[in-house]
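What follows is each chain in one-letter form.
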There are 2 protein chains.
Amino acid sequence: MRQLVAIDWGTSSLRGALMTPDGAVLDVRSFALGILSVPQGGFEETFQSCFGDWMQQPGTRCLMSGMIGSQQGWREAPYCPCPASFRDLATQLLWLEPGRLAIVPGLTVEQAGVPDVMRGEETQIFGALQLLGLHDARLVLPGTHSKWVRVQGQQVLDFSTWMTGEVYALLRQHSILARTLPVEEPPLDAYAFADGVQAARQGAGLLHTAFSVRTLSLFKRRSADALASYLSGLVIGEELKAQRLQAGESVVVMGSATLQARYSQALSTWGVRTQTVGDTATWHGLHAMALSLPAL
Amino acid sequence: MRQLVAIDWGTSSLRGALMTPDGAVLDVRSFALGILSVPQGGFEETFQSCFGDWMQQPGTRCLMSGMIGSQQGWREAPYCPCPASFRDLATQLLWLEPGRLAIVPGLTVEQAGVPDVMRGEETQIFGALQLLGLHDARLVLPGTHSKWVRVQGQQVLDFSTWMTGEVYALLRQHSILARTLPVEEPPLDAYAFADGVQAARQGAGLLHTAFSVRTLSLFKRRSADALASYLSGLVIGEELKAQRLQAGESVVVMGSATLQARYSQALSTWGVRTQTVGDTATWHGLHAMALSLPAL
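Residues numbered from 1 in each chain as written. Chains lettered and ligands numbered in written order. Predicted model: local features only at pLDDT ≥ 70, side-chain atom pairs only at ≥ 80, totals over all residues. Heavy atoms only, no water.

Enquirer: Looking at this structure, how should I read helix H10 (residues 281-292) of chain A?
Expert: Every α-helix carries 3.6 residues per turn, so stepping three or four residues along brings you back to the same face. Residue and element names in this part refer to chain A. Between its first and last C-alpha atoms H10 spans 17 Å; for 12 residues at 1.5 Å apiece the expected length is 16 Å, and the two agree. Among the 12 residues in H10, nine count as buried, and that is most of the element. Every buried residue of H10 is accounted for by Ala281, Thr282, Trp283, Gly285, Leu286, His287, Ala288, Met289 and Ala290. (Helix = DSSP H or I, 4+ residues; strand = E, 2+ residues; numbered from the N terminus. Expected span 1.5 Å × (residues − 1). Buried < 20%, exposed > 50% of the residue type's maximum accessible area, 1.4 Å probe, protein only.)

Okay, here's the thing in structure tokens:
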């Protein structure tokens, strides 16, 4: 392989990395050109204007992961069913230009008659496994829609989606609780956050515990700033409580530094050890996939 | 007692009933003049213009329940702590005009260091107990913020608030799920609703199960109309699952006919028997309270 253009094209952002054959990142570019900002039929043009120069060197390959492979993206890449290995993904790439430009398929899993899906996270997961040298792992990718993932023998066995980040934002901005919370997100109050996690762990459910943000404010038991962190603890704690965590087990926490810190703190409540992997997991995943392909 | 003007003054609406000494309702008036629509200092004027004519007959008494007794209302009526009886409420009325015009206090309860509150529901509860002739009961008042209540020996022992209606509305209108649901609320699809209740009962939690509305739509497994009912079942089922219901027990379901029907159907999944009481419970509660007061 010559150089690789690794692209993470999501709903709200477009990021690309220019990588050497041995996996070094030479350059990174970010654009506020998520698939929802690109008109249907405009993906090729956007791609050319953002990364055309990188693609000019002969033998350059480009792999893209994320929502770019969805119904609303450049072209739909059918989901790869779980259990799925890295090889399964590589053999089911959707080639837009054979050997040169491809979209990584997402994953799907079915439980109790209900499907679940991911697009983009599969690449981060395999990148993280590679970076950490793990064959078996439990991972969480926190975010608007958190993913909990089980990997065994380098296969994604199953996963589930949790609307944690989105529900936090809805309660924070659009519910009655918004009236008692500061408009700007304050810095994390780690004690209030821990109390929220604990309240979720011992509580009867978020539909009930969330209301305590209102009553604690009504009775002036906590400041508005502390209540924002407390609510974050309630919602993340609700997600963790449902995972039936065992003290002593290890979980790989991915994503932004902010969320890594919150999840690691919350997971420690259950006695769970954490390893963290940042946003470079996507570049590593795409690079490893490019390496596994036949040479051009 | 001569006649009673019974008033239910909430956040978004104002309703009043003119009642005879023996509890017959002579007339009912409704206004879109909830406390959030009345400027601070404007409550007396609003009251006079809506009900002044009813108050003219000598000896007429007026009792008001609901958010009118909150910090944002006419005057703040301190919460009455649980356990609380009907008599406790009557002796802690906040008189605006002694013997003539009073606000019924709300209730508060504290569990694990966290307070919970109600305003207005206490009157409905005692009205329902009166109507049904019950001394002990478990009640649910479904709505934006549902209340689950335990009554023993005609005392409210404790209660809890569930943000069920509000979370449904948030998911329905403001979340990613809104894209796959019809804008207008379709008629209830009882089968889809039942499936939602069942999925909640067996599921790992609403943060996860709610995402299935998206995936079931993505895989075209259910129509948009059916998914609205399914989501309603998921959210109500989540509330019910947390109540540790026992097959064979009896629950009093209050509120609007629509919600009574949904809750009764959902509760039957747990083998729970239901009795229903409509909106007249408030008038009965206020009337019984007026009767218990010394004559003017």
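This is not the end of the story, as more comes after the structure.
Enquirer: So what exactly am I meant to see when it comes to the packing of aromatic side chains here?
Expert: We describe a pair of aromatic rings using the distance from one ring centre to the other and the angle between the two ring planes. Tallying each qualifying case throughout the model produces 16 aromatic pairs over all chains. Pairing B:Phe31 with B:Phe51 gives two aromatic rings, centres 5.7 Å apart and planes at 85 degrees, and the pair type is edge-to-face. With B:Phe31 in strand S3 (residues 25-31) and B:Phe51 in helix H1 (residues 43-51), the pair connects residues that are 20 residues apart, well separated along the chain. Judged by its relative accessible area of 0%, B:Phe51 falls in the buried class. The ring of A:Tyr79 has A:Arg119 sitting right over it, with the charged end atom 4.2 Å from the ring centre. (Phe/Tyr/Trp six-rings, centres within 6.5 Å; stacked < 30°, edge-to-face > 60°. Lys NZ or Arg CZ within 6 Å of the ring centre and 35° of its normal.)

Enquirer: Is there a simple way to explain the nonpolar core in this structure?
Expert: Across soluble globular proteins, nonpolar side chains have a tendency to be buried as a group. Among the nonpolar cores identified, the biggest contains 81 residues, and A:Leu171 and B:Leu171 are the most heavily contacted of them. With residues near it in sequence (within four places) discarded, B:Leu171 still touches A:Met163, A:Val167, A:Leu170, B:Leu177, B:Ala178, B:Ala210, B:Leu231 and B:Val235. B:Phe86, B:Val104, B:Leu107 and B:Leu293 belong to the second largest nonpolar core, which has 39 residues in total. (Core = buried A, V, L, I, M, F, W, Y, C linked by side-chain atoms within 4.5 Å. Contact = heavy atoms within 4.5 Å.)

Enquirer: It is not clear to me how the pairing of strand S10 (residues 114-118) of chain B should be interpreted in this structure. Could you clarify?
Expert: The side chains of a regular strand alternate, first on one face of the sheet and then on the other. Residues and elements named next belong to chain B. Counted residue by residue, S10 has four buried out of five residues, so it is predominantly covered. As judged from the five bridges shared by strand S9 (residues 107-111) and S10, these two strands associate in the antiparallel manner. Paired with Glu110 across the strands is Pro115, a residue of S10. Connecting the antiparallel pair S9 and S10 is a turn made up of two residues, with Ala112 showing a positive phi of about 50 degrees. (Pairing = 2+ DSSP bridges.)

Enquirer: When you look at the interface of chain B and chain A in this model, what are you seeing that I'm missing?
Expert: Accessible area lost upon the coming together of the parts is a frequently used measure of interface size. Contacts between the two partners involve 47 residues from chain B, matched on the other side by 47 residues from chain A. Across the chain B to chain A interface the summed buried area is about 3,600 Å²; carbon plus sulfur atoms make up 70%. For chain B, the biggest contributors to the area lost against chain A are B:Met163, B:Leu207 and B:Phe211; these three give 21% of the whole. For the pair chain B and chain A, the interface holds two salt bridges. (Buried area = accessible area lost by both parts, 1.4 Å probe. Salt bridge = Lys/Arg side-chain N within 4 Å of Asp/Glu carboxyl O.)

Enquirer: Can you help me understand the sheet that holds strand S12 (residues 146-152) of chain B in this one?
Expert: Sheets are built from strands that pair by backbone hydrogen bonding, the pairs being arranged parallel or antiparallel. Residues and elements named next belong to chain B. Spatial ordering of the open sheet is given by S6-S13-S12-S11-S14-S15, a layout of six strands whose pairing is mixed. Both edges of this open sheet fall to strand S6 (84-85) and strand S15 (273-276), since each of them pairs with a single strand only. Here helix H3 (residues 121-132) sits on the sheet and contacts S6, strand S11 (137-141), S12, strand S13 (155-162), strand S14 (250-253) and S15; the angle it forms with S11, its principal contact strand, is near 130 degrees. (Axes fitted to C-alpha atoms, helices over the stretch in contact; angles between N-to-C directions.)

Enquirer: Help me out: how do you make sense of the sheet that holds strand S1 (residues 4-9) of chain A in this one?
Expert: Residues and elements named next belong to chain A. Strand order in the open sheet formed by six strands is S3-S2-S1-S4-S8-S7, with mixed pairing between adjacent strands. Edge positions in the sheet fall to strand S3 (25-31) and strand S7 (94-97), since each of these pairs with one other strand and no more. On average, each strand axis in the sheet is inclined to that of its neighbour by 20 degrees, with strand direction left out of account. Note that strand S2 (residues 14-19) and S3 share six bridges and pair antiparallel. For Leu14, the partnering residue across the bridge sits in S3 and is Phe31. Sitting on the sheet, helix H1 (residues 43-51) touches S1, S2, S3, strand S4 (61-65) and strand S8 (101-103), and the angle it makes with S1 is about 125 degrees. Along the sheet, H10 contacts S1, S2, S3 and S4; its crossing angle with S1, the most-contacted strand, is approximately 130 degrees.

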